[in-house]
Amino acid sequence: MKEYKSEIEFLNDYDSNKYDKLSLTTDILLFSVANGVQENYRKLNKKYFSILLVKRNTYPFKDKWCLPGGFIGIDEDIEDAANRILKTETNLDNIYLEQLYTYGNPKRDPRMRVISTSYIALIDKNKLPNMISNNASWFNVMILEDKNIIDLTLDNGIEKIKFKIKKILKEKTTNKYRYEVLENNKLAFDHPLVIVNGIERLKNKIEYTDIVFNMMPEYFTLKELQQVYEVILGKKLLDPAFRRIIKDKVIKTNKMRTGGGHRPSVLFKYKNN
């Protein structure tokens, strides 16, 4: 091996062509909670956990759905790229963004060797302009889990996307799992895995962080907040247990919600707003 006297000498002699090239992308799971159609004016609207998908109009995977994403510029920071893509797809700036995982299976993209860093983004749909891109759509998320099999259905009211994931214990001491796609015919790349990992991350963090408030309006009733917890966790919460979870996270305001067939309800807000 050649000995170099300085870093400058090494860099002048360095041949980057000796190494295979790879490309970097970023994919974003944009989550929100949507109101369903009100069937009884005396009851709160049913809420749906939802995700934004984009239909591809080019190969590979033409006409299949995928997460918003794209290639990272050679001089671009990864998080800057994620924010740029979100701005393009949703016309939104400055929303909650958290890095999820990096995916690097050599066969994840048929074009070339592509590594993708994924992010979770959370928004309150009330703040979302209508100007999402023409090929983007919100899908409600429905999850059925039986032992180690997860069945997911994504529904935008026109089209349903179904895929099935196997959950495999990877590390018993830390309760870590890996996921394997068993069925998928409408999602591009390895995005079924990204979606499942993102949902699991959100479910885990909602109980010990304040992450949920990134999807809430400024003012809300406790029942509305409880609905959001329940739709993400996929289970009903007893009122006393829920109150213990959020007792140090919210503050009562002097505002009230009236009308709509309901009794007047006190409005709360996130404590750190």
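One structure accompanies this document, and this report is about it. (Residues numbered from 1 in each chain as written. Predicted model: local features only at pLDDT ≥ 70, side-chain atom pairs only at ≥ 80, totals over all residues. Heavy atoms only, no water.)

This next bit is on empty space enclosed by the protein. One pass over the full model with this rule turns up one cavity of 30 Å³ or more. Within this model, the largest cavity holds a volume of roughly 40 Å³. Lining of the largest cavity is provided by I143, E145, I150, L152, V196, I199, E200 and K203. Of all elements in the fold, only β7 (136–146), β8 (149–155) and α3 (191–206) reach the threshold of two or more residues within the lining of the largest cavity. It is α3 that provides the largest number of residues to the lining of the largest cavity, a total of four residues. Of the residues that constitute the lining of the largest cavity, the class distribution is five nonpolar, no polar and three charged. (1 Å grid on protein atoms, 1.4 Å probe; cavity = no way out; pocket = protein on both sides within 12 Å on 5 of 7 lines; lining within 4 Å. Points joined across faces, edges and corners; volume = space filled by probe spheres on them. Helix = DSSP H or I, 4+ residues; strand = E, 2+ residues; numbered from the N terminus. Nonpolar A, V, L, I, M, F, W, Y, C, P; charged D, E, K, R; others polar.)

All right, on to α3 then. Taking 1.5 Å per residue, 16 residues should reach 22 Å; α3 reaches 22 Å between its end C-alpha atoms and fits that length. Along α3, 15 of the 16 residues are buried, which leaves the element largely enclosed by surrounding structure. (Expected span 1.5 Å × (residues − 1). Buried < 20%, exposed > 50% of the residue type's maximum accessible area, 1.4 Å probe, protein only.)

Attention now goes to helix α2 (residues 78–90). Since one α-helical turn is 3.6 residues long, residues separated by three or four positions face the same way. Helix length check: α2 (13 residues) gives 18 Å between terminal C-alpha atoms against 18 Å at 1.5 Å per residue, within 8%. Inspection of α2 places A81, A82, I85, L86, E89 and T90 among the buried residues, and these make up the whole buried set. Down the axis of α2, the buried side of the element spans an arc of 140°, and every buried residue falls inside it. Summarising the contacts, the buried residues of α2 are in contact with β1 (23–35), β2 (47–55), β4 (69–71), β5 (96–103), β6 (114–122) and β7. Of the residues flanking the end of α2, it is N91, one or two places downstream, whose phi is positive at about 65°. (Arc of directions from axis to C-beta. Contact = heavy atoms within 4.5 Å.)

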